[in-house]
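Chain and residue survey
What follows is each chain in one-letter form.
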Amino acid sequence: MTRVDSVVLLNTGHGKGKSSAAFGVMARGWARGWRVGVVQFIKGGKWKTGERKLADHLGIEWHTLGDGFTWESTDLDETAAKGRHAWDVAREKLASGDYQMLVLDELTYVVKYGWVPVEEVVAGIVGRAPKTNVIMTGRHAAPELIDVADTVTEMVKVKHAKDQGIMAMKGIEY
């Protein structure tokens, strides 16, 4: 076994729990005294999530830079611009050396939608400051993101409450 300064995790797939798992690791890093940051690429500020409340309580730096789900967008050019801006923020934080952990929530979508070239994202992850652990989340992870990750977990949906018409619940989904 080899010790390394940092690792890259990727939570992908169509099942629930990608972001929830990342935020669990976020809490673990904070509990170890790490400086932790979160950049959200798709979610907008109107969602008052439990994980954001926790991060605020713990003093974890949090950036919600999207404008919501793409299928709800009234201006896809603006949505894409926000996704590119979120990557600029994330790239700066990756290179800074100021964090022991960065959660890049829903990063996979900026690549899938073509807002940021996958090569640019891979270069930012590979060229990150030493000792900066990264957790990427989102469906449809590009093969290049899978390749750059040290650990990849695919969440598989077996059954979901929404398929039965059950609405999202505070404390469970957000």
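Within every chain, residues take consecutive numbers counted from 1 along the sequence as written. For a predicted model such as this one, the threshold for reporting local features is a pLDDT of at least 70, and the threshold for listing and counting side-chain atom pairs is 80 or more; totals across whole chains, interfaces and linings nevertheless cover every residue. No hydrogens and no water enter the side-chain calculation; it runs on all heavy atoms of the structure.

Here we take up the sheet that holds strand S2 (residues 36-40). The pairing criterion is simple: DSSP has to find at least two bridges between the two strands. Put simply, DSSP H or I for four residues or longer makes a helix, DSSP E for two residues or longer makes a strand, and each gets a number counted from the N terminus. Taken in spatial order, the six strands make up an open sheet running S3-S2-S4-S5-S1-S6, and their pairing is parallel. Strands with a single pairing partner mark the edges of an open sheet, and in this sheet they are strand S3 (61-64) and strand S6 (151-155). Recorded for the sheet is a direction-independent mean angle of 10 degrees between the axes of neighbouring strands. Across four bridges, strand S1 (residues 8-13) lies against strand S5 (residues 133-137) in parallel orientation. Paired with leucine 10 across the bridge in S5 is methionine 136. The strands touched by helix H3 (residues 76-96) are S2, S3, strand S4 (101-105) and S5; relative to S2, the strand with the most contacts, the crossing angle is about 160 degrees. Helix axes are fitted to C-alpha atoms over the stretch in contact, other axes to C-alpha atoms as well, and angles between N-to-C directions run from 0 to 180 degrees. Contacts are residue-level and defined by heavy atoms, with any inter-residue pair within 4.5 Å sufficient.

Once that is clear, we can look at helix H1 (residues 18-31). For H1, built from 14 residues, the straight-helix expectation of 20 Å at 1.5 Å per residue is met to within 8% by its first-to-last C-alpha distance of 20 Å. Note on exposure labels: buried denotes an accessible area under 20% of the residue type's maximum, exposed denotes more than 50%, and partly exposed covers the range between, all computed with a 1.4 Å probe on protein chains only. Within H1, the full set of buried residues consists of Lys18, Ser19, Ala22, Phe23, Met26 and Gly29. In a view along the axis of H1, the buried residues occupy a sector of 120 degrees, so they form one face of it. Of the exposed residues in H1, the ones pointing more than 90 degrees away from its buried face are Arg28 and Ala31. Directly after H1, the chain includes glycine 33, whose backbone phi takes a positive value near 85 degrees. Helix span is expected to be 1.5 Å times the residue number reduced by one. The arc in question is the one spanned by the directions pointing from the helix axis to the C-beta atoms.

What follows is about the packing of H3 against helix H5 (residues 118-126). Two elements in contact, H3 and H5, have axes whose closest approach is 9 Å; the angle formed by their N-to-C orientations is 25 degrees. By the angle between their directions, the pair H3 and H5 is classed as roughly parallel. Taken as a pair, H3 and H5 cross one another with a handedness that is left-handed. Along its contact with H3, which presents Trp87, Arg91 and Leu94, the element H5 presents Glu120, Val121, Gly124 and Ile125. Throughout, the term roughly parallel applies to angles under 35 degrees, roughly antiparallel to angles over 145, roughly perpendicular to angles from 65 to 115, and oblique to all others. Handedness of a helix crossing follows the sense of rotation of the near helix relative to the far helix, less than a right angle counterclockwise being left-handed and clockwise being right-handed.

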